[in-house]
Amino acid sequence: MDKSNIQLEKHLAERIKELSCLYKISQASHQFANSAEDIPIEQQLTEIAKIIPEGFQHEENLLVHISVPERGINIGKTFEDDLENLRFQSKVMTLECSYKNPKFSFLKEEYPLVEKIGQELNALLFRKEQKEKDVLLQKKLQREDRLNVLTELTAGIAHELNTPLGNILGYAELLKKAEVDKNKQKDLDKIVSSALQAREIVKKLMYFSCEIPTNFNLVDVQHLLNETLELLQIQLQEKQLTIEKEFNANDCFVYGDAIQLTQVFLNLLINAIQASKVGGKINVNCKGQQDHIEVTFQDFGEGISATNIAKLFQPFFTTKKNGTGLGLAVAHGIITAHKAKIEVQSKPNKGTIFKLIFPTTKAKKK
Ligand code: ADP
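As the structure is a computational prediction, the values presented were derived from the model and not from experiment.

A. A look at the sheet that holds strand β6 (residues 242-247). Here we have 5 strands laid out as an open sheet, ordered β6-β8-β9-β11-β10, and mixed in their pairing. Strands at the two margins of the open sheet, each flanked by one partner only, are β6 and β10 (341-347). Strand-to-strand twist in this sheet, taken as the mean axis angle between neighbours without regard to direction, amounts to 10°. Taken together, the 8 bridges between strand β9 (residues 292-299) and strand β11 (residues 351-359) define a ladder with antiparallel strand orientation.

B. Representation of the pairing of β10 in the model. Inspection of the sheet shows β10 paired to β11 by 7 bridges, in the antiparallel sense. Within β11, the position partnered with glutamate 343 by the bridge is lysine 355. Counted between consecutive antiparallel strands, the loop separating β10 from β11 contains 3 residues, among which asparagine 349 sits at a positive phi close to 65°.

C. Spatial organisation of the sheet that holds strand β4 (residues 94-99). Strand order in this open sheet of 4 strands is β2-β1-β4-β3, and the pairing throughout is antiparallel. Since the sheet does not close on itself, it has two edges, and those belong to β2 (73-75) and β3 (85-89), each with one partner. Pairwise comparison of adjacent strand axes, ignoring direction, gives a mean angle of 10° for this sheet. Examined bridge by bridge, strand β1 (residues 62-68) and β2 share 3 bridges and lie antiparallel to one another. When the sheet's bridge partners are listed, isoleucine 66 is paired in β2 with isoleucine 75. Packed on one face of the sheet, helix α2 (residues 41-51) meets β1 and β2 and runs near 20° to β2. Strands β1, β3 and β4 of the sheet are contacted by helix α3 (residues 110-178), whose axis makes an angle of about 35° with β3.

D. Fine view of the packing of aromatic side chains. With the rule as written, the count across this model stands at 5 aromatic pairs. Between tyrosine 99 and phenylalanine 106, the ring centres sit 4.5 Å apart and the planes meet at 25°, which makes this aromatic pair stacked. Phenylalanine 106 matches tyrosine 99 in its accessibility class, with the two residues each being buried. Pairing phenylalanine 216 with tyrosine 255 gives two aromatic rings, centres 5.7 Å apart and planes at 85°, and the pair type is edge-to-face. Taken together, the residues span a long stretch of sequence, with phenylalanine 216 in the loop between α4 (182-208) and β5 (217-220) and tyrosine 255 in strand β7 (residues 253-256) at a distance of 39 residues.

E. Spatial organisation of the pairing of strand β8 (residues 281-288). Most of β8 sits inside the fold, with 6 of its 8 residues counted as buried. The pairing of β6 with β8 spans 6 bridges and is parallel. Opposite glutamate 244, over in β8, you have asparagine 283 as the bridge partner. In terms of strand pairing, β8 meets β9 through 7 bridges, oriented antiparallel. Bridge pairing in β9 places lysine 287 opposite glutamate 294. Turn length for the β8-β9 hairpin, with the two strands adjacent in sequence and antiparallel, is 3 residues.

F. Region of interest: the packing of helix α5 (residues 221-231) against helix α7 (residues 258-275). Contact geometry of α5 with α7 gives a least axis separation of 10 Å together with a crossing angle of 55°. Relative to α7, α5 is oriented oblique. The handedness of the crossing between α5 and α7 is right-handed. In contact with Val221, Leu224, Leu225, Thr228, Leu229 and Leu231 of α5, α7 contributes Ala258, Leu261, Thr262, Phe265, Leu266 and Leu269. Looking at the contact of α5 with α7, its residues break down into 10 nonpolar, 2 polar and no charged.

G. Examining the site of the ligand more closely. Taken together, the neighbourhood of the ligand is formed by 20 residues, with Asn271, Thr318, Thr319, Lys320 and Leu328 sitting nearest. In the environment of the ligand, an oxygen atom lies 2.8 Å from a nitrogen or oxygen atom belonging to the backbone of leucine 328. Burial of the ligand by the protein chains amounts to 94% of its free accessible area of 540 Å². Elements with a minimum of two residues in the shell around the ligand: α7, α9 (327-337) and β11. Sorting elements by how many residues they give to the shell around the ligand places α7 first, with 3 residues. Taken together, the residues of the shell around the ligand break down into 8 nonpolar, 9 polar and 3 charged.

H. Focus on the pattern of salt bridges. Summed over all chains, the structure comprises 14 salt bridges. Residues lysine 128 and aspartate 38 are paired through a salt bridge, measuring 2.8 Å at the closest nitrogen-oxygen approach. Taken together, the residues lysine 128 in helix α3 and aspartate 38 in the loop between α1 (3-34) and α2 connect sequence positions 90 residues apart. Note on lysine 128: relative accessible area 9%, which makes it buried. Connected via shared salt-bridge partners are Arg15, Glu18, Lys108 and Glu109.

Calculation criteria
Residues numbered from 1 in each chain as written. Predicted model: local features only at pLDDT ≥ 70, side-chain atom pairs only at ≥ 80, totals over all residues. Heavy atoms only, no water. Pairing = 2+ DSSP bridges. Helix = DSSP H or I, 4+ residues; strand = E, 2+ residues; numbered from the N terminus. Axes fitted to C-alpha atoms, helices over the stretch in contact; angles between N-to-C directions. Contact = heavy atoms within 4.5 Å. Phe/Tyr/Trp six-rings, centres within 6.5 Å; stacked < 30°, edge-to-face > 60°. Buried < 20%, exposed > 50% of the residue type's maximum accessible area, 1.4 Å probe, protein only. Parallel < 35°, antiparallel > 145°, perpendicular 65-115°, else oblique. Left-handed = near helix turned anticlockwise from the far one by under 90°. Nonpolar A, V, L, I, M, F, W, Y, C, P; charged D, E, K, R; others polar. Near = heavy atom within 4 Å. Polar contact = N/O pair within 3.5 Å; in protein donor to acceptor, adjacent residues only side chain to side chain. Areas by Shrake-Rupley, 256 points an atom, 1.4 Å probe, with all protein chains shown as cover. Salt bridge = Lys/Arg side-chain N within 4 Å of Asp/Glu carboxyl O.

Written out as C-alpha coordinates, the structure reads:
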(Lines give C-alpha, C1' and ligand atoms only; values in the text may rest on other atoms or scores of the structure.)
Protein backbone atom coordinates (compact mmCIF):
# COMPACT_ATOMS: atom_id res chain seq x y z
CA MET A 1 0.00 0.00 0.00
CA ASP A 2 1.46 3.37 -0.92
CA LYS A 3 2.04 6.15 1.58
CA SER A 4 -0.95 8.26 0.60
CA ASN A 5 -3.27 5.27 0.99
CA ILE A 6 -1.91 4.58 4.46
CA GLN A 7 -2.48 8.23 5.34
CA LEU A 8 -6.03 8.08 4.01
CA GLU A 9 -6.77 4.93 5.98
CA LYS A 10 -5.44 6.50 9.18
CA HIS A 11 -7.48 9.57 8.50
CA LEU A 12 -10.63 7.52 7.95
CA ALA A 13 -9.98 5.45 11.09
CA GLU A 14 -9.82 8.68 13.11
CA ARG A 15 -13.09 9.99 11.62
CA ILE A 16 -14.77 6.65 12.42
CA LYS A 17 -13.51 6.89 16.01
CA GLU A 18 -14.89 10.42 16.34
CA LEU A 19 -18.27 9.50 14.87
CA SER A 20 -18.57 6.34 17.02
CA CYS A 21 -17.74 8.39 20.11
CA LEU A 22 -20.41 10.98 19.27
CA TYR A 23 -22.89 8.20 18.56
CA LYS A 24 -22.13 6.51 21.91
CA ILE A 25 -22.53 9.81 23.76
CA SER A 26 -25.83 10.61 22.09
CA GLN A 27 -27.09 7.06 22.82
CA ALA A 28 -26.10 7.40 26.48
CA SER A 29 -27.83 10.77 26.83
CA HIS A 30 -30.92 9.36 25.09
CA GLN A 31 -30.96 6.49 27.60
CA PHE A 32 -30.62 8.89 30.54
CA ALA A 33 -33.48 11.00 29.20
CA ASN A 34 -35.77 7.98 28.83
CA SER A 35 -34.76 6.16 31.98
CA ALA A 36 -37.61 5.45 34.40
CA GLU A 37 -35.33 6.17 37.36
CA ASP A 38 -34.04 9.66 38.02
CA ILE A 39 -30.28 9.33 37.39
CA PRO A 40 -28.36 12.15 39.12
CA ILE A 41 -26.88 14.60 36.62
CA GLU A 42 -23.37 14.17 38.08
CA GLN A 43 -23.55 10.43 37.40
CA GLN A 44 -24.72 11.09 33.82
CA LEU A 45 -21.83 13.46 33.16
CA THR A 46 -19.32 11.06 34.74
CA GLU A 47 -20.50 8.25 32.45
CA ILE A 48 -20.12 10.49 29.40
CA ALA A 49 -16.71 11.74 30.56
CA LYS A 50 -15.56 8.09 30.39
CA ILE A 51 -16.68 7.81 26.75
CA ILE A 52 -15.09 11.08 25.52
CA PRO A 53 -11.45 9.81 25.19
CA GLU A 54 -12.60 7.13 22.71
CA GLY A 55 -13.05 9.82 20.05
CA PHE A 56 -9.46 11.12 20.24
CA GLN A 57 -6.30 10.03 18.49
CA HIS A 58 -4.35 9.41 21.72
CA GLU A 59 -7.23 8.29 23.88
CA GLU A 60 -5.16 6.73 26.67
CA ASN A 61 -3.42 10.08 27.13
CA LEU A 62 -6.50 12.29 27.16
CA LEU A 63 -7.59 14.28 30.22
CA VAL A 64 -11.19 15.41 30.48
CA HIS A 65 -12.56 18.07 32.79
CA ILE A 66 -16.26 18.98 33.05
CA SER A 67 -17.51 21.66 35.38
CA VAL A 68 -21.04 22.87 36.12
CA PRO A 69 -20.50 25.66 38.70
CA GLU A 70 -24.20 26.25 39.50
CA ARG A 71 -24.56 22.66 40.63
CA GLY A 72 -21.10 22.45 42.21
CA ILE A 73 -20.10 19.66 39.81
CA ASN A 74 -16.44 19.10 38.90
CA ILE A 75 -15.52 15.94 37.02
CA GLY A 76 -11.85 15.19 36.34
CA LYS A 77 -8.90 17.31 37.36
CA THR A 78 -8.14 20.81 36.08
CA PHE A 79 -5.01 20.95 33.92
CA GLU A 80 -1.71 22.71 34.07
CA ASP A 81 -1.90 26.02 32.22
CA ASP A 82 0.84 25.19 29.73
CA LEU A 83 -0.91 22.11 28.31
CA GLU A 84 -2.70 22.47 24.97
CA ASN A 85 -6.33 22.69 25.80
CA LEU A 86 -9.55 22.29 23.79
CA ARG A 87 -12.45 24.02 25.41
CA PHE A 88 -16.21 24.33 25.05
CA GLN A 89 -17.94 26.85 27.24
CA SER A 90 -21.59 27.70 27.68
CA LYS A 91 -23.51 29.72 30.27
CA VAL A 92 -23.89 26.68 32.50
CA MET A 93 -20.91 24.43 31.86
CA THR A 94 -17.35 24.02 30.64
CA LEU A 95 -15.77 21.03 28.91
CA GLU A 96 -12.00 20.92 28.58
CA CYS A 97 -9.78 18.29 26.96
CA SER A 98 -6.02 18.11 27.11
CA TYR A 99 -3.21 15.59 26.68
CA LYS A 100 -1.22 14.48 29.74
CA ASN A 101 1.90 14.43 27.63
CA PRO A 102 2.75 17.79 25.98
CA LYS A 103 4.36 16.01 23.02
CA PHE A 104 0.88 15.11 21.72
CA SER A 105 -1.18 17.67 19.93
CA PHE A 106 -4.77 17.69 18.74
CA LEU A 107 -5.91 16.99 15.20
CA LYS A 108 -7.80 19.83 13.56
CA GLU A 109 -10.91 17.61 13.40
CA GLU A 110 -10.80 17.20 17.18
CA TYR A 111 -11.69 20.87 17.65
CA PRO A 112 -15.22 20.50 16.25
CA LEU A 113 -15.49 17.16 18.10
CA VAL A 114 -15.11 18.94 21.43
CA GLU A 115 -17.64 21.52 20.28
CA LYS A 116 -20.18 18.81 19.40
CA ILE A 117 -19.66 16.90 22.66
CA GLY A 118 -20.03 20.18 24.56
CA GLN A 119 -23.33 20.88 22.81
CA GLU A 120 -24.56 17.38 23.67
CA LEU A 121 -23.65 17.91 27.36
CA ASN A 122 -25.33 21.28 27.30
CA ALA A 123 -28.52 19.74 25.92
CA LEU A 124 -28.34 17.06 28.64
CA LEU A 125 -28.15 19.73 31.32
CA PHE A 126 -30.98 21.69 29.71
CA ARG A 127 -33.23 18.58 29.63
CA LYS A 128 -32.42 17.86 33.27
CA GLU A 129 -33.30 21.43 34.25
CA GLN A 130 -36.59 21.23 32.33
CA LYS A 131 -37.41 17.91 34.05
CA GLU A 132 -36.70 19.43 37.47
CA LYS A 133 -38.90 22.43 36.64
CA ASP A 134 -41.72 20.13 35.47
CA VAL A 135 -41.55 18.12 38.70
CA LEU A 136 -41.67 21.32 40.77
CA LEU A 137 -44.60 22.67 38.77
CA GLN A 138 -46.49 19.40 39.10
CA LYS A 139 -45.92 19.36 42.85
CA LYS A 140 -47.14 22.96 43.08
CA LEU A 141 -50.26 22.19 41.06
CA GLN A 142 -51.01 19.12 43.19
CA ARG A 143 -50.53 21.18 46.33
CA GLU A 144 -52.82 23.94 45.08
CA ASP A 145 -55.40 21.40 43.96
CA ARG A 146 -55.38 19.70 47.34
CA LEU A 147 -55.64 23.06 49.04
CA ASN A 148 -58.62 24.06 46.87
CA VAL A 149 -60.50 20.85 47.74
CA LEU A 150 -59.61 21.34 51.39
CA THR A 151 -60.87 24.93 51.27
CA GLU A 152 -64.27 23.84 49.93
CA LEU A 153 -64.59 21.02 52.44
CA THR A 154 -63.59 23.29 55.30
CA ALA A 155 -66.07 25.99 54.28
CA GLY A 156 -68.89 23.42 54.42
CA ILE A 157 -67.84 21.96 57.77
CA ALA A 158 -67.33 25.36 59.37
CA HIS A 159 -70.84 26.41 58.32
CA GLU A 160 -72.39 23.20 59.62
CA LEU A 161 -70.62 23.57 62.97
CA ASN A 162 -71.47 27.19 63.51
CA THR A 163 -75.18 26.71 64.22
CA PRO A 164 -74.96 23.79 66.69
CA LEU A 165 -72.08 25.54 68.46
CA GLY A 166 -74.19 28.68 68.80
CA ASN A 167 -76.98 26.52 70.27
CA ILE A 168 -74.65 24.84 72.78
CA LEU A 169 -73.40 28.24 73.91
CA GLY A 170 -76.86 29.77 74.13
CA TYR A 171 -78.45 26.90 76.07
CA ALA A 172 -75.48 26.55 78.43
CA GLU A 173 -75.69 30.27 79.24
CA LEU A 174 -79.46 29.95 79.85
CA LEU A 175 -79.03 26.96 82.15
CA LYS A 176 -76.25 28.73 84.03
CA LYS A 177 -78.54 31.67 84.81
CA ALA A 178 -81.20 29.37 86.24
CA GLU A 179 -78.72 27.15 88.14
CA VAL A 180 -78.09 27.78 91.85
CA ASP A 181 -75.86 24.79 92.56
CA LYS A 182 -72.25 26.12 92.46
CA ASN A 183 -70.78 22.80 91.21
CA LYS A 184 -73.24 22.58 88.36
CA GLN A 185 -72.48 26.21 87.50
CA LYS A 186 -68.78 25.33 87.26
CA ASP A 187 -69.61 22.45 84.90
CA LEU A 188 -71.69 24.79 82.77
CA ASP A 189 -68.77 27.27 82.70
CA LYS A 190 -66.60 24.50 81.28
CA ILE A 191 -69.17 23.84 78.55
CA VAL A 192 -69.29 27.55 77.72
CA SER A 193 -65.50 27.98 77.57
CA SER A 194 -65.06 24.81 75.47
CA ALA A 195 -67.78 25.96 73.07
CA LEU A 196 -66.09 29.37 72.81
CA GLN A 197 -62.78 27.67 72.06
CA ALA A 198 -64.43 25.57 69.37
CA ARG A 199 -66.04 28.69 67.90
CA GLU A 200 -62.61 30.35 67.70
CA ILE A 201 -61.35 27.37 65.70
CA VAL A 202 -64.39 27.50 63.43
CA LYS A 203 -63.76 31.22 62.90
CA LYS A 204 -60.17 30.49 61.87
CA LEU A 205 -61.37 27.78 59.49
CA MET A 206 -63.72 30.34 57.97
CA TYR A 207 -60.76 32.67 57.45
CA PHE A 208 -58.96 29.81 55.75
CA SER A 209 -61.86 29.25 53.37
CA CYS A 210 -62.29 33.02 52.78
CA GLU A 211 -65.73 32.96 54.44
CA ILE A 212 -65.20 35.94 56.74
CA PRO A 213 -66.62 39.26 55.54
CA THR A 214 -63.97 41.84 54.74
CA ASN A 215 -63.90 45.55 55.31
CA PHE A 216 -61.75 46.78 52.45
CA ASN A 217 -60.08 50.19 52.55
CA LEU A 218 -56.89 51.79 51.37
CA VAL A 219 -54.20 50.42 53.68
CA ASP A 220 -50.67 51.74 54.17
CA VAL A 221 -48.72 48.48 54.40
CA GLN A 222 -45.55 50.01 55.85
CA HIS A 223 -47.51 51.73 58.60
CA LEU A 224 -49.34 48.47 59.37
CA LEU A 225 -46.05 46.56 59.55
CA ASN A 226 -44.68 49.10 62.04
CA GLU A 227 -47.82 48.79 64.17
CA THR A 228 -47.62 44.99 64.12
CA LEU A 229 -43.96 45.07 65.15
CA GLU A 230 -44.92 47.34 68.06
CA LEU A 231 -47.36 44.66 69.26
CA LEU A 232 -44.56 42.10 69.29
CA GLN A 233 -41.99 44.13 71.27
CA ILE A 234 -42.18 41.85 74.33
CA GLN A 235 -41.72 38.60 72.37
CA LEU A 236 -38.84 40.13 70.41
CA GLN A 237 -37.11 41.35 73.56
CA GLU A 238 -37.58 38.01 75.32
CA LYS A 239 -35.55 36.31 72.56
CA GLN A 240 -33.20 39.29 72.09
CA LEU A 241 -34.09 39.45 68.41
CA THR A 242 -33.25 42.35 66.14
CA ILE A 243 -35.56 43.44 63.39
CA GLU A 244 -33.95 44.76 60.25
CA LYS A 245 -36.43 46.73 58.23
CA GLU A 246 -36.01 47.67 54.60
CA PHE A 247 -38.91 49.72 53.35
CA ASN A 248 -38.48 51.50 50.05
CA ALA A 249 -39.67 55.05 49.76
CA ASN A 250 -42.50 54.31 47.31
CA ASP A 251 -46.05 54.48 48.54
CA CYS A 252 -47.07 51.02 49.59
CA PHE A 253 -50.84 51.15 49.62
CA VAL A 254 -53.02 48.12 49.04
CA TYR A 255 -56.75 47.78 49.00
CA GLY A 256 -57.42 45.54 51.95
CA ASP A 257 -58.79 44.80 55.39
CA ALA A 258 -56.34 46.29 57.92
CA ILE A 259 -57.39 43.99 60.77
CA GLN A 260 -57.10 40.85 58.68
CA LEU A 261 -53.75 41.93 57.23
CA THR A 262 -52.44 42.62 60.74
CA GLN A 263 -53.50 39.06 61.58
CA VAL A 264 -51.39 37.73 58.67
CA PHE A 265 -48.34 39.81 59.61
CA LEU A 266 -48.70 38.72 63.24
CA ASN A 267 -48.94 35.03 62.33
CA LEU A 268 -45.88 35.18 60.08
CA LEU A 269 -43.82 37.19 62.56
CA ILE A 270 -44.76 34.98 65.53
CA ASN A 271 -43.66 31.92 63.55
CA ALA A 272 -40.40 33.68 62.61
CA ILE A 273 -39.78 34.59 66.26
CA GLN A 274 -40.48 31.05 67.43
CA ALA A 275 -38.20 29.56 64.76
CA SER A 276 -35.28 31.96 65.50
CA LYS A 277 -32.39 31.31 67.85
CA VAL A 278 -31.92 33.65 70.81
CA GLY A 279 -30.03 36.78 69.70
CA GLY A 280 -30.94 36.26 66.04
CA LYS A 281 -32.27 38.58 63.38
CA ILE A 282 -35.47 38.89 61.38
CA ASN A 283 -35.64 40.88 58.15
CA VAL A 284 -38.87 42.63 57.28
CA ASN A 285 -38.93 44.13 53.81
CA CYS A 286 -41.61 46.04 51.97
CA LYS A 287 -40.97 47.00 48.39
CA GLY A 288 -43.38 48.78 46.14
CA GLN A 289 -42.86 47.72 42.52
CA GLN A 290 -44.69 49.12 39.54
CA ASP A 291 -47.53 46.61 39.45
CA HIS A 292 -47.22 44.85 42.79
CA ILE A 293 -46.07 45.21 46.38
CA GLU A 294 -43.78 42.63 47.94
CA VAL A 295 -43.65 42.09 51.68
CA THR A 296 -41.12 39.57 52.97
CA PHE A 297 -40.40 38.12 56.39
CA GLN A 298 -37.07 36.35 56.63
CA ASP A 299 -35.75 34.47 59.62
CA PHE A 300 -32.50 32.56 60.02
CA GLY A 301 -33.88 29.88 62.27
CA GLU A 302 -34.72 26.21 62.11
CA GLY A 303 -36.17 26.19 58.56
CA ILE A 304 -38.72 23.78 57.14
CA SER A 305 -38.15 20.40 55.49
CA ALA A 306 -39.35 19.80 51.90
CA THR A 307 -42.00 17.32 53.11
CA ASN A 308 -43.40 19.80 55.60
CA ILE A 309 -43.47 22.64 53.06
CA ALA A 310 -46.04 20.67 51.10
CA LYS A 311 -48.42 20.63 54.11
CA LEU A 312 -47.72 24.10 55.45
CA PHE A 313 -51.01 25.81 54.61
CA GLN A 314 -53.26 22.89 55.52
CA PRO A 315 -55.39 23.54 58.60
CA PHE A 316 -54.11 21.77 61.73
CA PHE A 317 -50.63 21.07 60.35
CA THR A 318 -48.22 21.85 63.17
CA THR A 319 -44.83 20.64 64.40
CA LYS A 320 -45.14 22.55 67.68
CA LYS A 321 -46.07 20.96 71.00
CA ASN A 322 -48.77 23.52 71.65
CA GLY A 323 -49.40 24.67 68.09
CA THR A 324 -52.86 24.86 66.53
CA GLY A 325 -51.65 24.59 62.95
CA LEU A 326 -54.10 27.32 61.96
CA GLY A 327 -51.84 30.38 61.66
CA LEU A 328 -50.69 29.76 58.10
CA ALA A 329 -54.06 28.37 57.00
CA VAL A 330 -55.64 31.64 58.18
CA ALA A 331 -52.90 33.69 56.50
CA HIS A 332 -53.43 31.77 53.25
CA GLY A 333 -57.19 32.39 53.34
CA ILE A 334 -56.81 36.11 54.04
CA ILE A 335 -54.15 36.57 51.39
CA THR A 336 -56.28 34.73 48.80
CA ALA A 337 -59.26 36.95 49.69
CA HIS A 338 -57.00 39.95 48.96
CA LYS A 339 -56.21 38.54 45.49
CA ALA A 340 -52.62 38.37 46.67
CA LYS A 341 -50.16 35.47 46.80
CA ILE A 342 -48.14 33.89 49.57
CA GLU A 343 -44.91 32.05 48.76
CA VAL A 344 -42.38 30.31 50.94
CA GLN A 345 -38.73 29.35 50.57
CA SER A 346 -36.93 27.51 53.28
CA LYS A 347 -33.80 25.52 54.05
CA PRO A 348 -33.55 23.39 57.19
CA ASN A 349 -31.21 25.04 59.72
CA LYS A 350 -30.70 28.06 57.47
CA GLY A 351 -34.03 29.85 57.71
CA THR A 352 -37.26 30.73 56.01
CA ILE A 353 -38.63 33.50 53.81
CA PHE A 354 -42.35 34.14 53.48
CA LYS A 355 -43.19 36.45 50.62
CA LEU A 356 -46.53 38.21 50.16
CA ILE A 357 -47.27 39.67 46.74
CA PHE A 358 -50.13 42.19 46.60
CA PRO A 359 -51.53 43.82 43.50
CA THR A 360 -51.02 47.58 43.68
CA THR A 361 -53.99 49.86 43.81
CA LYS A 362 -54.47 52.80 41.49
CA ALA A 363 -56.25 54.78 44.19
CA LYS A 364 -54.10 57.11 46.30
CA LYS A 365 -54.54 58.29 49.86
CA LYS A 366 -55.73 61.89 49.98
P1 ADP B 1 -48.57 26.73 64.42
O2 ADP B 1 -47.66 27.91 64.57
O3 ADP B 1 -49.70 26.74 65.41
O4 ADP B 1 -47.88 25.41 64.38
P5 ADP B 1 -48.89 27.61 61.69
O6 ADP B 1 -49.96 27.27 60.68
O7 ADP B 1 -48.62 29.04 61.92
O8 ADP B 1 -49.32 26.88 63.01
O9 ADP B 1 -47.56 26.90 61.25
C10 ADP B 1 -47.56 25.54 60.85
C11 ADP B 1 -46.17 24.96 60.94
O12 ADP B 1 -45.34 25.55 59.93
C13 ADP B 1 -45.42 25.21 62.21
O14 ADP B 1 -45.78 24.28 63.22
C15 ADP B 1 -43.97 25.06 61.78
O16 ADP B 1 -43.62 23.70 61.71
C17 ADP B 1 -43.99 25.57 60.35
N18 ADP B 1 -43.51 26.97 60.26
C19 ADP B 1 -44.23 28.07 59.99
N20 ADP B 1 -43.45 29.16 59.92
C21 ADP B 1 -42.19 28.75 60.14
C22 ADP B 1 -40.90 29.41 60.19
N23 ADP B 1 -40.76 30.72 60.00
N24 ADP B 1 -39.81 28.63 60.43
C25 ADP B 1 -39.93 27.30 60.61
N26 ADP B 1 -41.11 26.63 60.58
C27 ADP B 1 -42.21 27.33 60.35
